[in-house]
Protein chains: 2
Amino acid sequence: MNSEFTIAVHCLIVLASAPDRVWSSGSLSRKVHTNPARVRKIMSALRRNGLVTTKEGLGGGYRLGFSSGDVNLALVYRTVSCEALKLNWCSDDGAGDPELARVRSVMDQAFCRAETMLETYLEQWTIDSLLEQIKCEPDVPISDHFPVSAHKDKSTKYNINRIGGEG
Amino acid sequence: MNSEFTIAVHCLIVLASAPDRVWSSGSLSRKVHTNPARVRKIMSALRRNGLVTTKEGLGGGYRLGFSSGDVNLALVYRTVSCEALKLNWCSDDGAGDPELARVRSVMDQAFCRAETMLETYLEQWTIDSLLEQIKCEPDVPISDHFPVSAHKDKSTKYNINRIGGEG
DNA sequence: ATAAACTGTATCTATTATAATTACACTAAT
DNA sequence: ATTAGTGTAATTATAATAGATACAGTTTAT
């Protein structure tokens with residue numbers, strides 16, 4: 001699944017963890033390890049679906065649109081239109097093969113149902129419930145996911161729009 | 001999801017629809033609209049998991065390894081290791097952010113469960129049950145998926161290794 | 001034994017999808 | 001009027017995917 005989804009969720013978690021404060025794309029981008037323009041693009045999509053509210057101009061930024069108990073992962077998933085289970089068919093020019101068309105139709109239906117099931121599952125996960133879990137999580141538990149690199153703090157790479165600061 | 005999965009499933013359906021006959025990568029590739037080398041690569045993976053048997057040399061090719069009622073989509077899914085629900089995180093060099101690590105751990109767990117659910121669902125679909133559905137499928141039902149192009153039979157593009165023929 | 005028709009596999013190239021970068025118009029607060 | 005923001009588009013860079021080609025090895029038929 002592309003990283004727009006994880007960025008969106010991560011941003012929402014950050015917003016929910018400090019609901020009183022307005023977050024700029026710059027400060028969010030440092031949290032989620034990408035660049036401000038990408039954060040703005042993704043947050044724009046969330047705004048269009050009401051998941052966050054934005055404010056332009058000096059001191060502007062992003063806030064949760066709903067209470068964190070009402071925002072669930074299915075909403076986010078649909079907003080960034082992941083289509084993780086969309087099947088990919090090899091049919092260069094397209095039609096002309098009715099046999100392929102039948103196979104494709106049956107399979108697409110099967111995976112449409114799978115996607116519905118997935119979304120039903122994701123509805124159970126609210127940003128709130130994620131925050132809860134995250135609090136219970138022991139420190140640095142997924143070191144096996146990626147090897148620790150030699151030079152840690154070289155990631156001043158995305159500190160554009162710095163001034164906003166953290167707190 | 002990448003097209004290896006649909007190619008694998010489509011090939012298995014073709015094999016199951018004519019279980020008495022040996023299919024070459026060339027004839028399969030024409031059925032599934034890709035090239036013989038790709039078919040061979042994917043079928044090799046299926047062979048390593050016992051889903052098909054292969055025979056090299058003249059008159060060789062592919063056959064179903066199990067009865068078509070025993071081959072289900074979860075097996076295929078795992079064989080081509082789709083990981084359609086694998087989350088994609090932005091963390092250039094990796095570690096160094098324990099907060100990200102906790103978020104990631106919780107989310108990865110949630111989606112691990114989602115993937116398990118998906119596989120459970122896919123286990124219900126055998127190649128047999130797909131064939132059944134395909135037979136019931138009315139002709140050319142998914143014309144809305146792709147626009148009908150002007151020049152139909154221009155797809156002699158992958159007719160390398162021709163000699164094997166169809167029947 | 002030799003040629004033909006296959007698989008198995010690797011490598012290179014082309015294409016497409018994804019992400020980063022840059023730029024700039026617009027907005028709001030100071 | 002300046003500063004610090006969003007919104008958005010366009011461009012470039014990078015990574016993932018798929019196609020093309022090549023060739024060694026295998027089996028069958030002649």
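Preceding block: the structure.
A short tour of the structure in this document, coming up. This structure is a prediction, so every number in the text was calculated from the model and none was measured.

Quick look at unusual backbone geometry
Residue and element names in this part refer to chain A.
Now for step 1: Backbone geometry at Ser81 places phi at a positive 40°, although glycine is not the residue there.
Now for step 2: On the secondary structure map, Ser81 appears in the loop between α4 (73–79) and α5 (98–123).
Now for step 3: Looking at Ser81, the relative accessible area reads 48%, which means it is partly exposed.
Now for step 4: For Glu83, which is not glycine, the phi torsion reads 55° and is therefore positive.
Now for step 5: By the element assignment, Glu83 lies in the loop between α4 and α5.

Focus: the packing of aromatic side chains
Within a pair of aromatic rings, the relevant descriptors are the distance that separates the centres and the angle that separates the planes.
Now for step 1: For the structure shown, the criterion picks out four aromatic pairs over all chains.
Now for step 2: Pairing Phe111(A) with Phe5(B) gives two aromatic rings, centres 5.5 Å apart and planes at 70°, and the pair type is edge-to-face. With Phe111(A) in helix α5 and Phe5(B) in helix α1 (residues 3–17), this pair bridges two chains.
Now for step 3: Residue classification places Phe111(A) among the buried residues on the basis of a relative accessible area of 3%.
Now for step 4: Each ring, one from Phe5(B) and one from Tyr77(B), has its centre 6.1 Å from the other, and the planes form 80°; the classification is edge-to-face. With Phe5(B) in helix α1 and Tyr77(B) in helix α4 (residues 73–79), this pair connects stretches of sequence that are 72 residues apart. The two residues Phe5(B) and Tyr77(B) agree in class, both being buried.
Now for step 5: An aromatic cluster of at least three residues, connected via ring pairs, comprises Phe5(A), Tyr77(A) and Phe111(B).

Here we look at the nonpolar core
Now for step 1: Among the nonpolar cores identified, the biggest contains 100 residues, and Phe5(A), Met107(A), Phe111(A), Phe5(B), Met107(B) and Phe111(B) are the most heavily contacted of them.
Now for step 2: Beyond its immediate stretch of four places on either side in the chain, Met107(A) contacts Leu87(A), Trp89(A), Phe5(B), Val9(B), Leu73(B) and Leu130(B).

Remarks on helix α2 (residues 25–32) of chain B
Side chains three or four residues apart in an α-helix point the same way, a direct result of the helix having 3.6 residues per turn.
All names here are of chain B.
Now for step 1: For α2, a buried count of seven out of eight residues is recorded, marking the element as mostly surrounded by other parts of the structure.
Now for step 2: All buried positions along α2 are accounted for by Ser25, Gly26, Ser27, Leu28, Ser29, Arg30 and Val32.
Now for step 3: If you follow the buried residues of α2, they end up packed against α1, α3 (36–48) and β2 (61–64).

Here we look at the pattern of salt bridges
All names here are of chain A.
Now for step 1: Within this structure, the stated rule accounts for ten salt bridges over all chains.
Now for step 2: Between Arg78 and Glu119 there is a salt bridge whose closest N-O contact spans 2.4 Å. Residue Arg78 is found in helix α4, and its partner Glu119 is found in helix α5; the two are separated by 41 residues along the sequence.
Now for step 3: Judged by its relative accessible area of 15%, Glu119 falls in the buried class.
Now for step 4: With its nearest N and O atoms 3.7 Å apart, the salt bridge here joins Arg104 to Asp108.

A closer look at the pairing of strand β2 (residues 61–64) of chain A
Residue and element names in this part refer to chain A.
Now for step 1: Sheet analysis places strand β1 (residues 52–55) next to β2, joined by four bridges and oriented antiparallel. Across the sheet, residue Val52 finds its bridge partner in β2, namely Leu64.
Now for step 2: Counted between consecutive antiparallel strands, the loop separating β1 from β2 contains five residues, among which Gly57 sits at a positive phi close to 80°.

Conventions adopted
- Residues numbered from 1 in each chain as written.
- Chains lettered and ligands numbered in written order.
- Predicted model: local features only at pLDDT ≥ 70, side-chain atom pairs only at ≥ 80, totals over all residues.
- Heavy atoms only, no water.
- Helix = DSSP H or I, 4+ residues; strand = E, 2+ residues; numbered from the N terminus.
- Buried < 20%, exposed > 50% of the residue type's maximum accessible area, 1.4 Å probe, protein only.
- Phe/Tyr/Trp six-rings, centres within 6.5 Å; stacked < 30°, edge-to-face > 60°.
- Core = buried A, V, L, I, M, F, W, Y, C linked by side-chain atoms within 4.5 Å.
- Contact = heavy atoms within 4.5 Å.
- Salt bridge = Lys/Arg side-chain N within 4 Å of Asp/Glu carboxyl O.
- Pairing = 2+ DSSP bridges.

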